[in-house]
Every structure is written in structure tokens, then in C-alpha cells.
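Commentary on secondary and tertiary structure
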Amino acid sequence: MRLDYDVIVIGGGHAGCEAACASANLGAKTCLVTMDMNKIAQMSCNPAVGGIAKGQIVREIDALGGQMGLVTDATAIQFRMLNVGKGPAVWSPRAQCDRGKFIWEWRRILDETDNVDIWQDQADELLVEDGKAIGVRTVWGVEIHAKCTIVTAGTFLNGLMHIGRTMIAGGRIAEPAVPHFTESITRHGVISARMKTGTPVRIDKRSVHFDEMEIQPGENSYYQFSYLDKHRTLRQLPCWTCNTNAEVHETLRSGLADSPLYNGQIQSIGPRYCPSIETKLVTFPDREKHPLFLEPEGEDTNEMYLNGFSSSLPMEIQIAALKKIPAFRDIKIYRPGYAIEYDFFDPTQLNHSLESKVIPNLFLAGQVNGTTGYEEAGGQGTVAGINAALKSAATAEYTPFIMHRDESYIGVLVDDLVTKGVDEPYRMFTSRAEYRILLRQDDADARLTERAYELGLAKRERYDWWMEKKQAIEEIETFCQNYPIKPRLVNGALEAQGTTPLQYGCKLVDLVNRPQLSLAKLSDIIPELKEVLNRPKNRKEEIAEAAEIRMKYKGYIERERIVADKMHRLENIKIRGHFNYEEMQSLSTEARQKLSKIQPETLAQASRIPGVSPSDINVLLVLMGR
């Protein structure tokens, strides 16, 4: 049997779902191949979306017309805005979600998306003809042909799970691994390696003594993930916190001899920033306690997720250690934590479009590129889906959709992967972005929605709402820049707010820029301002906050934009194909090796490759001048 499509997406995880929707919404006839239609967009680890820098990625996916933000808002059972005590460049939304409802909301979206077909099967072999990917063959012998193929297989490629000394092949607990498929790709010259990740124990909440834990409520604020006006609707639930102790640590250490991480059973590298509890004990031997966070899995389940206790120790050790914590003395679990090893592919063999440099028409997205996290996967899936659809529709050379480092965290993520590669699971942080003040969570729609609309990805509803919001923000800014303030009318109120009274008149924007003041506080003093803030029909608080940030941080934003524009000059200098780096003795040995391997598109990309020094860049600049 043979099926024909424009684009095939292999894997129904977070990358695959976003890739399928992006491709289909651009008009490509798309087939999503998944082993289990009932586990689409499964949250394999923590049932939460967002967090530091990750929340920005979700807002960017939403601004582009993607789905993760909408699904999260529809299924959120706790929402928090992180880092609000710091500058807005690092504010990051995070939501705990109902795991089951998250899956079915995604399934509903896919079922209602034109041009998407779902095929429940397992990819067994990548089909390659004349050096180009032409589709896949499944374990049932079906050949699915397409102009472009996107692989988003998560942790399933030769997946191997570990609990103590017990090893079972699988891509996720109770789900089979995918053998052979990696080899059908690497035989064509693509490089693969192994990574490891893990997940914690799942706890029955009926066995927990919550009175011996600290409650951690969510926020009932106006914040949400999607820029569209579809607010959270589910019942909001608290999380709970406690700590490990010396007895817990002693019990855990007694099992280290049987730990796959320390007995040689696992050779691959795990995530640095989400270590297992046994790794924490070995890395920080003097720490007397480590924080744990007990988080709900859904509105209607007793299952809870123990954040901070990822482990692959023997299950009896995990349970015995947890019983040393007062709140867990009578604990019952649904399943222990486990580790999983899986194949990934060297992302330096990809273009910024996420198309393989080795096998044309093959795109890779998600954990198969060495990343970790639903958000990083969703961002890559969006990029791969867009570019696969564009290429499948092109009759000649196509212009790929690429976001720069000053345009989005997704752009930073993709550039880091294809330029620097990975030696451990890649996780996004605000510190990875050099233009953080330009990449705030509040302005992803300002950065990306118009571009996505021109592409055909963002729909008219989203574009119209952004234009309405943009106009409202500009009206607030213009009012504040022009409205005169007389000292005698406001000084009493200013002193009451703990800020210095005025000696001379000024414009309202000068008061907005004071750290002690906000538009909300000033609107209580100035009725005309309150009237302006109340004009928008929807999302008044979000619009006011966006306008206030733009005014308060205008100088920083403009300065960072100047720096970014200077770097764009190097982005415009194309160097791929111009040099045989191995023959350039004026470059350092490391630079020759790295440049030959990665073959950067531009001089700016070359400048970000580890081991390529400023003097090496100067050499290339001189030679380009010639």
C-alpha cells in the first residue's frame, strides 16, 4: 500500500503536533504518523508548560499562529508568572496542566485542522532516492511518500529504560522503542549519538500527609499564554513543597551501587540542569536537603508528580527513601522514576531551516536534535513544519523561514543547535540570548505576528487582534508623551507613593519612567489616563503593561537594537561555499576544523562557533573584501 502527501511528520509529540499544524495551515497536505493516537502530545515528564525562557518560546509559538499556548490555557490548573521581582526581560509564564485534557485538546485541534491526516503506525525505514528523502516505510509495510519528511521521534529511537539494574527497551513507560529507524538515516552519512533523560516517581495523593507540607498556590491574574482572548477555564489547584533530609540521603546512597548512572550501565550524558536526585547527592555531598515539589497531574486524578526527585535507582530504594520524609511516611506510588537512553542526531548537520545538509528534504525537530523540553520541541516543530511546507510547494529554490537571534528565543535555539552542536541535552535559558530585552514574553506578537500573517500561518483573527492591540499601545504611549503634568496637582499623591515631588512641570511619560510608579497607580491620580487605559475592548491590563514596559525601558531597548543591527551586517555577509577552510593556514587549526565541519552560512554564524576567534573572523572579513 502507498500513500502520497506533501509533508510527512513522524512522531506525535510536541514537535510533531506543531510541525503538522504549521505545515497544514500553510496548505501542505500533511500526514502525522504516530504509534498511539490516544497519546498525542503526551507530557512524558512534568505536566507543565513554560518556565524560565521556555515560557517565552511558547508565547512565540502562539504569536506565529501555533497551538501550544492555546492548548495550555485551555488545560491549565495552575498558572504563575516567574521572575516578576526582576526586570521584564526575564519574566516567564509557567502553567501546570491537566495531562489527560492536554492530550485531548491537542487531538481536537488536529482533528479540526484542514489538510492533516493521522496515520497510526510505526515508521521503520526512511526512504531515500537519489540521495533525497522521499518518505518512510512503516512496520505494517505501508509506504508513505512525500516531498518532505519531518522526523520528531522524541526518545523512541532505540529507547532503553532503566530502573536499577533492570533494562527494558521502550520509548516511554509501557510504550515500545523504535528499532532500525536510526540506522536507516545514519547509513546515508548522518551522525547519531546517545543521550539520557529521566522522570520521577508518580504518587497517589491519598497517601500524602499534606499538613506536613507547605502549600504553593497559583496566581489568579490576567496573565495567560496565548495572545488571543481565550482565558483559563479549569479549576485552579495548588502545588506543595517539602525537602529531603539526611535519612533520605543515607537511604539513597545505599542504592548507588545499583544506580545505572554510577555502575556503568548508562554511558550517555543526561541533562545538566535537571539532574536526578542521585546526581544531586554525588555532585553536592555537603547539602543537607534538596527541595521537592509535589504537583497535580489533573483535575480528576489522584496521581501527583514529584518534581525534583527524578531517579533511576531501584524502585525499593526510591520508595524507602521517600518514606523517610514525614509527609510521605505512608506513601503509595503508581510507578517509580526511571531513566531512558535514546538516539539523537548531530544538529550541526542541519541548516537553519532544520533541513538536513546530508539528506535533502529530511527535516529534524525536537529531542532527536539533542534538546530537552516540550517548549524547545514545539518551537523546532514550528520551524520545521513551516519550512517543509514552503519547500514542498516550491517549484524551484525556496526562501526558508529563519528567525534571527534578535527576533526570537526560537531563533536563538535553532542557531545554537546548528552552529554549536550539543554535548548534553540542550535546555533554553534567558542567559543564552544576548538580546533579552528585545525578546520579552510581553512582545512576541509584536516581533512575529505580522511576519507570520504575511507567510500565511497566522490567521486573520490573530492579525486583526494584534493590529488592534498595537494601536492601543501606541495611543497610550502618545498620550503619556504629550500629557502635561503640573506639580501642584500631583505632588501630594507622588509623596504618598514614596517618590520625589516635582519642582517643575513635565510630561506624564517622565512619571511613568519612575520605578515607584506605574500606569495603574498614575491612573488613580490622573482621570484622563484612566480613560485612555479603559478604551481597549479586550485585555486592558496586558495592553497597559506592554505600553508601560516600552516606555520604562525605551533607552535599553533602543541601545540593544543598535547592537543587534550591527550584528546584522555580519549576517548579510554570506560565506558558505566561498572558502576551502582546510587550506587556509592563516586560520587557527581549531577554526579550520570547526568551519569545515559546520560550513556556516554567514560571517555572523561563523563568529558564534566555539573555537572560532575574533582574529579568525577578521581573516575571513579581509578575504571577503578581496
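These remarks concern the structure in this document.

About the criteria used
- Residues numbered from 1 in each chain as written.
- Predicted model: local features only at pLDDT ≥ 70, side-chain atom pairs only at ≥ 80, totals over all residues.
- Heavy atoms only, no water.
- Helix = DSSP H or I, 4+ residues; strand = E, 2+ residues; numbered from the N terminus.
- Rg over C-alpha atoms; globule rule 2.2 N^0.38 Å.
- Buried < 20%, exposed > 50% of the residue type's maximum accessible area, 1.4 Å probe, protein only.
- Areas by Shrake-Rupley, 256 points an atom, 1.4 Å probe, with all protein chains shown as cover.
- Lys, Arg positive; Asp, Glu negative; His and termini not counted.
- Charge placed at Lys NZ, Arg CZ, Asp CG, Glu CD.
- Contact = heavy atoms within 4.5 Å.
- Polar contact = N/O pair within 3.5 Å; in protein donor to acceptor, adjacent residues only side chain to side chain.
- Pairing = 2+ DSSP bridges.
- Axes fitted to C-alpha atoms, helices over the stretch in contact; angles between N-to-C directions.

1. A closer look at the overall build of the protein
Across its full length, the protein carries 21 helices and 21 strands. The C-alpha atoms of the protein give a radius of gyration of 26 Å, which matches the 25 Å a tight globule of 626 residues would have. On the principal axes, the C-alpha backbone points of the protein span a range of 80 × 70 × 50 Å. Sorting the 626 residues of the protein into buried and exposed places 58% on the buried side. When the accessible surface of the protein is totalled, it reaches about 25,700 Å², and 50% of it is carbon and sulfur. Averaging the coordinates of the 75 positive side-chain charges in the protein and doing the same for the 83 negative ones gives two points 3 Å apart.

2. A short note on helix H2 (residues 54-63)
Of all 10 residues that make up H2, 10 are buried, and the element is covered over most of its length. Taken together, the buried positions of H2 are Lys54, Gly55, Gln56, Ile57, Val58, Arg59, Glu60, Ile61, Asp62 and Ala63. The first or second residue beyond H2 is Gly65, which carries a positive phi of 100°.

3. A closer look at the side chain of Ser259
With respect to the secondary-structure elements, Ser259 resides in the loop between helix H6 (246-253) and helix H7 (277-283). Note on Ser259: relative accessible area 0%, which makes it buried. If near-sequence neighbours (up to four positions away) are discounted, Ser259 is found in contact with Glu278 and Leu313.

4. Concerning the side chain of Glu278
Considering the arrangement of structural elements, one finds Glu278 in helix H7. Within the local environment of Glu278, its side chain forms a polar contact with the side chain of Ser311, the two groups lying 3.0 Å apart. With sequence-adjacent residues up to four places away left out, Glu278 is seen in contact with Leu256, Ser259, Leu261, Tyr262, Ser310, Ser311, Ser312 and Leu313.

5. A closer look at the sheet that holds strand S5 (residues 92-97)
Read from one edge to the other, the open sheet built from 3 strands follows the order S3-S5-S4, with strand pairing classed as antiparallel. Strands at the two margins of the open sheet, each flanked by one partner only, are strand S3 (48-50) and strand S4 (76-82). When the angles between neighbouring strand axes are averaged without regard to direction, this sheet yields 15°. For S3 and S5, the ladder comprises 3 bridges, and the chain directions are antiparallel.

6. So, the pairing of S4
Judged by how many residues are buried, S4 sits mostly within the fold: 6 of 7 residues are covered. Bridge count between S4 and S5: 6 bridges; the pairing is antiparallel. Residue pairing in the sheet places Met81 in a bridge with Pro93 of S5.

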